[in-house]
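The lines below spell out each chain.
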Amino acid sequence: MEPREDGTLHLQEPAGGGCGAIIGKSCVASPCRWLRRLYRELHWSFVLSVVAVYGACQGVGNSVGGVAAGYYWKDVQRVQPSAAQFYQGVTDAPWVVKPLWGLLTDVIPVAGYRRRPYFVLAGVIGVSSMLMLSLHHGLGIMPALLALTAQSAGAAVADVTVDALVAQNSITHPPLASDMQSLCGFSSSLGALLGFSISGLLVHSIGSQGALGLLSIPSALVLSAGILLKENRAAEFDYKQVHKKFYKAIQCMGTTLKCPEVWRPCVYMFLSHNLSLDIQGGMFYWYTDPVVGPGFSEGSIGLIYAIGSVGSLLGVLLYQSALKDYPFRSILLWGQVLSSLAGMLDLVLVTRLNLKIGIPDYFFAMIDNSISQMVGKLKWLPLLVLCSKLCSPGIEGTFYALLMSLQNAGLLMSAWWGGLLLHMLDVTRMEFSNLWIAVLIRNVSRLVPLTLLFLVPQSDQNSTLLPAEMLQDDDYTETVKAGSVEFSVLVQDGSGFISPNIVAEDQQSKMFDAENDDVESIPLVNKGGPTFDS
């Protein structure tokens, strides 16, 4: 769909029915259709890996770990909000070096397998680090920081491994790209809903260290997914040629990054996250302060975040049912604007204006978190689809990891800039008088990336963004035939190529699913219109 000249998006209502009713009906049926299509086109072990990594490790693990780590730094280590924000950035550092994990999965097989061993390795790291943190009381800041960073590294290795599979699927099955990202987002949101629902109870019952120790369970599930993953064993691998393969992969990434269709969106993704300040550490301390803030208990914090996960889940369903065909530039524009407006709810809460209009803190915080999570998911999912569309064949895992690391580097810088802002405004464990200024500055900063939207392609999310010559690389053909990409169940014909009729067959399967589910599609996109890449 092309945007109107005024830059706004317009939904068309199908004749004879209300759009809202159809969207609601589609949202209910969508998860079943994603699973059925992915199970039919791909393999159940791939779906299991996505659920284990995104649902258990990132969904449940990040939600329980986020609440528990917040209380751990506040109550056990007793650090200031700005310091806690800085330490959180340090623990996220392994996500910045994701290209390294991507290179390992793409270039170096272990015992003939390229994906399974790295799932197993990620699970072992996560289990051991969290057990060490929970069983050793009285740890200093540095050992605790090391354990949390190791757990984050395990999650990053698992994430880059499953992302490599998703990226390759996006190339071999382009119509499934948004479905796979929706499955990832749906699993993450559902896992977060479960994790946040029990996080407060866990922290209250067994303490923050005990709750962190339970993060070994999601890591164990990732280990199990690595054992069960169906993957063909590669032929004998010459480890003496590893350095040449590393060099070739890095050279291929450099060539890809020189392409304007690639480096321009990369610049946008990094700067858009970098310029959107993160002050969540200060907000958490204010949430739990009984004197100046609302003084939420552990259970209340967990429930507030759990309700927020419902908003995140609704964001995934809304994106999948109504927004996945919009042009990248248009949906990112509105996502950034809505993100800034949603942040104003924090300003209302911090200034206590909600009490003046008769809305209790607890209820308003749930509304605030739900809307923020939903908008955040609507802004995040198109970026994931964009990343999968920019991956060059043959180095999917490495390049997708590079793109994600750019975003993680932006988020890391955002957290550090936010910590610096809290420090400059003298927001401490007991002093929050200037917190509203930090919230206001953060909301304004979210509008700055709008000036960089010209770097984002205008084409819709189903289009191929890479030049044709990059997708028809002879070296990649030889690589696939030689077994460089061995996860053969991802490709129906086992050859590593896209069948000429695969898109038509996929469209037929979509029509078949729609008829069976009795869900009417909404004409959101004018597919016949031209696109404009700038």
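Conventions and cut-offs
- Residues numbered from 1 in each chain as written.
- Predicted model: local features only at pLDDT ≥ 70, side-chain atom pairs only at ≥ 80, totals over all residues.
- Heavy atoms only, no water.
- Helix = DSSP H or I, 4+ residues; strand = E, 2+ residues; numbered from the N terminus.
- Buried < 20%, exposed > 50% of the residue type's maximum accessible area, 1.4 Å probe, protein only.
- Contact = heavy atoms within 4.5 Å.
- Core = buried A, V, L, I, M, F, W, Y, C linked by side-chain atoms within 4.5 Å.
- Polar contact = N/O pair within 3.5 Å; in protein donor to acceptor, adjacent residues only side chain to side chain.
- UniProt positions renumbered as here; feature names shortened; annotations may be inferred.
- pLDDT = per-residue confidence, 0-100.
- Phe/Tyr/Trp six-rings, centres within 6.5 Å; stacked < 30°, edge-to-face > 60°.
- Lys NZ or Arg CZ within 6 Å of the ring centre and 35° of its normal.
- Patch = residues over 30% accessible without salt bridge, like charges linked within 9 Å, V, L, I, M, F, W, Y side chains within 5 Å.
- Areas by Shrake-Rupley, 256 points an atom, 1.4 Å probe, with all protein chains shown as cover.
- Salt bridge = Lys/Arg side-chain N within 4 Å of Asp/Glu carboxyl O.
- Expected span 1.5 Å × (residues − 1).

Undergrad: Go over the overall build of the protein chain with me, naming the residues and quoting the values.
TA: Within the protein chain, the secondary structure is distributed over 20 helices and 0 strands. Per-residue burial for the protein chain yields a buried fraction of 57% across its 534 residues. For the protein chain, long-range pairs separated by at least 24 residues make up 86% of all intrachain contacts whose partners lie at least 6 apart in sequence.

Undergrad: I'd like a rundown of the nonpolar core, residues and numbers included.
TA: Tyr 287 and Leu 435 are the most contacted members of the largest nonpolar core, which totals 48 residues. Residue contributions to this core peak at 7 residues, all from helix H2 (residues 44-76). If near-sequence neighbours (up to four positions away) are discounted, Tyr 287 is found in contact with Pro 294, Gly 295, Phe 296, Ile 301, Tyr 305, Asp 346, Leu 349, Ala 365 and Asp 368. By size, the runner-up hydrophobic cluster in this structure holds 38 residues, among which are Tyr 326, Leu 332, Leu 381 and Phe 399.

Undergrad: Explain the side chain of Ser 199 residue by residue, including any values.
TA: By the secondary structure assignment, Ser 199 is in helix H7 (residues 177-213). For Ser 199, the side chain forms a polar contact with the main-chain oxygen of Phe 196, separated by 3.0 Å. If sequence neighbours within four positions are ignored, Ser 199 has contacts with Ser 63, Val 64, Val 67 and Gly 302.

Undergrad: Please set out the UniProt feature "transmembrane region" (unreviewed entry) in the protein chain residue by residue, giving values where relevant.
TA: On the UniProt side, "transmembrane region" (unreviewed entry) is annotated at positions that read residues 118-135, 183-204, 210-229, 299-319, 331-350 and 399-422 here. The straight-line gap between the two end C-alpha atoms of residues 399-422 is 35 Å; of that span, 100% is helix and 0% is strand.

Undergrad: How would you summarise the confidence of the model for the protein chain if you had to cite specific residues and measurements?
TA: Detailed reading of the predicted coordinates is not advisable wherever pLDDT is low. Residues with a pLDDT of 70 or more make up 80% of the protein chain, whose mean pLDDT is 77. Per-residue pLDDT stays below 50 along residues 474-534; that stretch engages in 111 contacts with residues further than four places along the chain or on separate chains.

Undergrad: So, the packing of aromatic side chains: which residues are in play, and what are the values?
TA: Scanning the entire structure with this criterion turns up 10 aromatic pairs. Between Phe 284 and Tyr 285, the ring centres sit 6.4 Å apart and the planes meet at 75°, which makes this aromatic pair edge-to-face. As far as the burial class goes, Phe 284 and Tyr 285 line up, both buried. Members of the aromatic cluster, connected to one another through ring pairs, are Tyr 72, Trp 73, Phe 86, Tyr 87 and Trp 416. Geometry around Tyr 113 places Arg 116 over its ring, the cationic atom sitting 4.8 Å from the centre.

Undergrad: Please set out the environment of Cys 252 residue by residue, giving values where relevant.
TA: For Cys 252, the position within the fold is in helix H9 (residues 242-257). On the basis of relative accessible area, Cys 252 is assigned to the partly exposed category, the value being 22%. Through-space distance from the C-alpha of Cys 252 to that of Ser 392 is 8.2 Å; in sequence the pair is 140 residues apart.

Undergrad: How would you explain a nonpolar patch on the surface if you had to name every residue and give the values?
TA: A grouping of Tyr 39, Trp 44, Leu 48, Ile 227 and Leu 228 is seen on the molecular surface, where their side chains present a nonpolar patch of about 500 Å² in accessible area. Counting residues per element, the ones that place at least two in the nonpolar patch are H2 and helix H8 (216-228). Residue placement: Trp 44 occurs in helix H2.

Undergrad: Please give an account of the environment of Val 47 that cites residues and values.
TA: Turning to its location among the elements, Val 47 is positioned in helix H2. For the pair formed by Val 47 and Cys 184, sequence separation is 137 residues and the distance between their alpha carbons is 9.3 Å. In contact with Val 47, other than residues within four places in its own chain, are Leu 35, Leu 38 and Leu 183.

Undergrad: Give a description of the environment of Cys 266 that names residues and reports values.
TA: Note on placement: Cys 266 falls in helix H10 (residues 260-274). You can call Cys 266 buried: its relative accessible area is 5%. Sequence separation between Cys 266 and Leu 403 is 137 residues; the distance between their C-alpha atoms is 6.9 Å. Excluding its chain neighbours within four sequence positions, the residues that come into contact with Cys 266 are Leu 257, Leu 403 and Leu 406.

Undergrad: So, the pattern of salt bridges: which residues are in play, and what are the values?
TA: In total, this model carries 3 salt bridges according to the counting rule given. For Asp 75, the salt bridge is made with Lys 74, and the minimal N-O distance between the two is 3.5 Å. The class of Asp 75 is partly exposed, set by a relative accessible area of 36%. For the salt bridge of Arg 352 with Asp 361, the shortest nitrogen-to-oxygen distance reads 2.2 Å.

Undergrad: Tell me about unusual backbone geometry, and please be specific about residues and values.
TA: The backbone of Arg 78 shows a phi angle near 55°, a positive value even though the residue is not glycine. Within the secondary structure layout, Arg 78 lies in the loop between H2 and helix H3 (81-91). A residue is classified by how much of its surface remains accessible, and Arg 78, at 54% relative accessible area, is exposed. We note that Asp 426 has phi near 60°; this positive angle belongs to a residue other than glycine. Summarising the element assignment, Asp 426 is placed in the loop between helix H16 (396-424) and helix H17 (435-445). Residue classification places Asp 426 among the partly exposed residues on the basis of a relative accessible area of 48%.

Undergrad: If you had to explain H10 to someone new, which residues and values would you point to?
TA: In this model H10 runs 21 Å from its N-terminal to its C-terminal C-alpha over 15 residues, within 8% of the 21 Å that 1.5 Å per residue would give. Within H10 the residues assigned to the buried category are Val 262, Arg 264, Pro 265, Cys 266, Tyr 268, Met 269, Ser 272, His 273 and Asn 274.

Undergrad: I'd like a rundown of the side chain of Ser 187, residues and numbers included.
TA: By secondary structure assignment, the location of Ser 187 is in helix H7. Since its relative accessible area comes to 7%, Ser 187 is described here as buried. Of note is the side chain of Ser 187, whose polar atom sits 2.9 Å from the backbone oxygen of Leu 183. Sequence-distant contacts of Ser 187, defined by excluding residues within four places in its chain, comprise Val 50, Val 51, Tyr 54 and Gly 55.

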